[in-house]
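# Understanding the architecture of this molecule
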Amino acid sequence: MQALIFRLEGNIQESLELFQTCAVLSPQSADNLKQVARSLFLLGKHKAATEVYNEAAKLNQKDWEICHNLGVCYIYLKQLDKAQDQLHNALHLNRHDLTYIMLGKIHLLEGDLDKAIEIYKKAVEFSPENTELLTTLGLLYLQLGIYQKAFEHLGNALTYDPTNYKAILAAGSMMQTHGDFDVALTKYRVVACAVPESPPLWNNIGMCFFGKKKYVAAISCLKRANYLAPFDWKILYNLGLVHLTMQQYASAFHFLSAAINFQPKMGELYMLLAVALTNLEDTENARRAYTEAVRLDKCNPLVNLNYAVLLYNQGEERGALAQYQEMEKKVNLLKDSSSLEFDPEMVEMAQKLGAALQVGEALVWTKPVKDPKSKQRTTSTSKAASFQQPLGSNQALGQAMSSAAAYRKLPSGAGGTSQLTRPPSLPLEPEPTVEAQPTEASAQIREK
């Protein structure tokens, strides 16, 4: 009892020492060993915790809590195969929401969304009113672009809990994706009451204002998001884009450079950096940035188009032609693999460049827009994300990995003493909550 009080007060080391004394006095008690292991886990000694849990398992082989907690420890130790085995054993002994969630988290860590969805579907069948599970499943469907099922599960979550800010934020993100900025802002007002310090909330609000062409308000909201999450590259990316749109190239360079430090393998960022450098009249470094963008990005034709425009303006028609041909290859691949509609302004620029290079106007993807702008700055900034995955695609991963953080059940006991000597299962990994993942920026950029 004294050890449990110490643990509740945060004195984990003192708690551990008392639990160890209990284990010495009663060595055949699996519950005492479980408490020792739990204290070791809270101290971050995951390997030692697994050893004690294994000793406890020898004394009680049919305790789902031991199997579940062993699985959690193995996740920390990056031994995902062992973690899966233990969590499956726990489900075989007793089905619990927490075990399903941790098993789904393992599949997400492995990058296997399909298996994660299957696990969460089973979890929802077992516990159909768990709003965290419904929200997580909806977000996974949202990441895969299956909007109907995503909307269905998020709607169910809001039916059971109308104040579930994660589901509201995700629903607002979907509306924002489809250009309903005013409706999305209405949803975000509700979220702002629950989590006013949420980085993705202010990121999304900022991009709503960007879609409504209220650029000063957009920058203000994005700056607040950046203050709350200074290491989130998506917010920095969006700030760079808005500053490019406002022709504030030095500020755009600042934010895009910071984003590249956190996401150095994204060709799109290098392309935007090159656009800013071009407008700052640093042609040499702009070419270096374009070269890196072409090396990293194998599917976005806009990278090659912008590079071709720069080379043409520098009088290097041969290099410009090579980039133009690479762009044509990417466009043909995109046309064959999807029904993607190309940005009219990009098409107009490509047609102009094709005529200037005397390669004809073969790229007739859609009707050109009226009064097109021919500056390279416009070509890049207005369509910067037309061919990339939505920036919010990682949101589902972050939420799915953290959705169980607030959902823990006390095991039912015969009385007050039973509940004190058998405390809840291990706390889940302290992953970032929904606020840590900015969402759906590129969809709004596409509306520019």
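What you are looking at is a predicted structure, and each value in this text was computed from that prediction instead of being measured.

## Some remarks on the overall build of the protein
Summing up its helical and strand segments, the protein has 25 helices and zero strands in all. Per-residue burial for the protein yields a buried fraction of 53% across its 448 residues. By sequence separation, contacts in the protein at least 24 residues apart represent 60% of the contacts at least 6 residues apart. Accessible area of the protein: about 20,500 Å², with a carbon and sulfur share of 51%.

## Remarks on the packing of helix H9 (residues 131-143) against helix H10 (residues 147-160)
Two elements in contact, H9 and H10, have axes whose closest approach is 8 Å; the angle formed by their N-to-C orientations is 160 degrees. With respect to H10, the axis of H9 lies roughly antiparallel. The handedness of the crossing between H9 and H10 is left-handed. Facing H9, whose interface residues are Thr131, Leu134, Thr135, Leu137, Gly138, Tyr141 and Leu142, H10 presents Tyr147, Lys149, Ala150, His153, Leu154, Asn156, Ala157 and Tyr160.

## Considering the UniProt feature "repeat: TPR" (unreviewed entry) in the protein
Here, UniProt's "repeat: TPR" (unreviewed entry) annotation points to residues 97-130, 131-164, 233-266 and 267-300. In residues 267-300, helix accounts for 79% and strand for 0%; the two terminal C-alpha atoms are 9 Å from one another.

## With respect to the nonpolar core
A general tendency of soluble globular proteins is for nonpolar side chains to be buried together. With 72 residues, the main nonpolar core has Tyr188, Ile205, Leu244, Leu269 and Leu305 as its most contacted residues. Here this core gets nine residues from one element, more than from any other, and that element is helix H17 (residues 267-279). Ala3, Leu40, Ile66 and Leu108 belong to the second-largest nonpolar core, a separate cluster that totals 50 residues.

## So, helix H18 (residues 283-296)
Spanning 14 residues, H18 covers 20 Å between terminal C-alpha atoms, matching the ideal 20 Å at 1.5 Å per step. Within H18, burial applies to Ala286, Ala289, Tyr290 and Ala293. The arc that holds the buried residues of H18, viewed along the axis, is 100 degrees, so those residues lie on one side. What points out from H18, more than 90 degrees from its buried face, is the exposed set Glu284 and Arg288.

## What to know about the packing of aromatic side chains
This structure, assessed with the given rule, holds six aromatic pairs. Ring centres of Phe210 and Tyr215 lie 5.6 Å apart, and the angle between their planes is 55 degrees; this geometry places the pair in the tilted category. Given a relative accessible area of 2%, Phe210 falls into the buried group. With centroids separated by 5.7 Å and ring planes inclined at 65 degrees, the aromatic side chains of Phe231 and Phe262 adopt a geometry described as edge-to-face. Highlighted residues: Phe231 in the loop between helix H14 (215-228) and helix H15 (233-245) and Phe262 in helix H16 (residues 249-262), separated in sequence by 31 residues.

## Here we look at the packing of H10 against helix H11 (residues 165-177)
Closest axis-to-axis distance for the H10/H11 pair is 9 Å, and the angle between their directions is 145 degrees. Helix-helix and strand crossings are classified by hand; for H10 and H11 the assignment is left-handed. Residues Tyr147, Ala150, Phe151, Leu154, Ala157 and Leu158 of H10 form the contact with H11, whose own contacting residues are Ala167, Ile168, Ala170, Ala171, Met174 and Thr177. Residue composition of the contact of H10 with H11, by class: 11 nonpolar, one polar and no charged.

## A look at the confidence of the model for the protein
Predicted confidence across the protein gives a mean pLDDT of 77, with 79% of residues reaching 70 or more. Of all helices and strands in the protein, the one with the weakest mean pLDDT is helix H24 (residues 416-421) (30), whereas H14 scores best (94).

## Observations regarding unusual backbone geometry
Notably, Lys213 is not glycine yet its phi reads approximately 65 degrees, a positive angle. By the element assignment, Lys213 lies in the loop between helix H13 (199-211) and H14. A positive phi angle, near 65 degrees, is found at Glu281, a position not held by glycine. Within the secondary structure layout, Glu281 lies in the loop between H17 and H18.

## A word on the side chain of Asp63
Relative to the elements of secondary structure, Asp63 occurs in the loop between helix H4 (46-59) and helix H5 (64-76). Among the polar contacts listed, one links the side chain of Asp63 to the side chain of Lys34, at a separation of 2.8 Å. Reaching out from Asp63, the side chain makes a polar contact with the backbone nitrogen of Glu65 at a distance of 2.9 Å. Contacts of Asp63, omitting those with residues within four sequence positions, involve Lys34 and Leu93.

## Quick notes on the pattern of salt bridges
If you walk through the whole model with that rule in mind, you get 12 salt bridges. We note a salt bridge from Asp31 to Lys34, for which the minimum N-O separation is 3.6 Å. Of the two residues, Asp31 and Lys34 both sit in helix H3 (residues 30-42), three residues apart, roughly one turn of that helix. Look at Lys34 and you get buried, because its relative accessible area is 4%. In this structure, a network of salt bridges that share partners links the residues Asp31, Lys34, Asp63 and Glu65.

## What about H13?
The terminal C-alpha atoms of H13, which comprises 13 residues, lie 18 Å apart, in line with the 18 Å expected from a rise of 1.5 Å per residue. Looking at the residues trailing H13, positive phi occurs at Lys213, about 65 degrees.

## Looking at the state of the cysteines
Summed over all chains, the structure comprises zero disulfides. As a non-bridged cysteine, Cys221 has Cys208 as the owner of its nearest cysteine sulfur, 9.4 Å distant.

## What about the environment of Leu113?
By the secondary structure assignment, Leu113 is in helix H8 (residues 113-126). We classify Leu113 as buried; its relative accessible area is 19%. Sequence separation of Leu113 and Leu144 is 31 residues, and the distance between their C-alpha atoms is 8.4 Å.

## Description of the environment of Asn300
Position of Asn300 relative to the elements: it lies in the loop between H18 and helix H19 (301-313). Along the primary structure Asn300 and Met327 are separated by 27 residues, whereas in three dimensions their C-alpha atoms are 8.0 Å apart. A polar contact of 2.7 Å, which involves the side chain of Asn300, links it to the side chain of Glu268. At a separation of 2.9 Å, a polar atom in the side chain of Asn300 contacts the main-chain amide nitrogen of Leu302.

Conventions used here
- Residue numbers run consecutively from 1 along every chain, following the written order of its sequence.
- The predicted origin of the model limits local features to residues at a pLDDT of at least 70 and limits the giving and counting of side-chain atom pairs to 80 or more, whereas totals for whole chains, interfaces and linings rest on all residues.
- Side-chain metrics rest on all non-hydrogen atoms present in the structure, leaving aside hydrogens and water.
- By definition, any uninterrupted DSSP run of H or I lasting at least four residues is a helix, any uninterrupted run of E lasting at least two residues is a strand, and each is numbered from the N terminus.
- A simple rule labels every residue: compare its accessible area, found with a 1.4 Å probe on the protein chains alone, to the largest value its type can have, and call it buried under 20%, exposed over 50%, or partly exposed in between.
- Contacts between residues were defined by any pair of non-hydrogen atoms, one from each residue, lying within 4.5 Å.
- Per-residue accessibility takes into account occlusion by the displayed protein chains alone, with areas from the Shrake-Rupley method and a 1.4 Å probe.
- To obtain an axis, a line is fitted to C-alpha atoms, over the contacting stretch when the element is a helix, and the angle between two such axes runs from 0 to 180 degrees between their N-to-C directions.
- Roughly parallel here means an angle under 35 degrees, roughly antiparallel means over 145, roughly perpendicular means 65 to 115, and every remaining angle is called oblique.
- A clockwise turn of the near helix away from the far one marks a right-handed crossing, whereas an anticlockwise turn of less than a right angle marks a left-handed crossing.
- UniProt positions are given in the numbering used here, feature names are shortened, and annotations may be inferred rather than shown by experiment.
- What makes a nonpolar core is a set of buried Ala, Val, Leu, Ile, Met, Phe, Trp, Tyr and Cys residues whose side-chain atoms join them at distances within 4.5 Å.
- What a helix should span is 1.5 Å times the count of its residues minus one.
- Starting at the helix axis, one direction is taken to each C-beta atom, and the arc is that of these directions.
- Pairs were defined over the aromatic rings of Phe, Tyr and Trp, the Trp ring being its six-membered one, requiring ring centres within 6.5 Å. Orientation was assigned from the angle between planes: stacked under 30 degrees, edge-to-face over 60, tilted for the rest.
- We call Asp, Glu, Lys and Arg charged. Ala, Val, Leu, Ile, Met, Phe, Trp, Tyr, Cys and Pro are nonpolar, and the rest, Gly among them, are polar.
- pLDDT: the predictor's confidence for each residue, scored from 0 to 100.
- N or O atoms within 3.5 Å of each other form a polar contact, as long as, within protein, one can give a hydrogen and the other can take it, and as long as residues adjacent in sequence are counted only when both atoms are side-chain atoms.
- Salt bridge, as used here, is a side-chain nitrogen of Lys or Arg placed within 4 Å of a carboxyl oxygen of Asp or Glu.
- The disulfide definition used here is simple: a pair of cysteine sulfur atoms within 2.5 Å.

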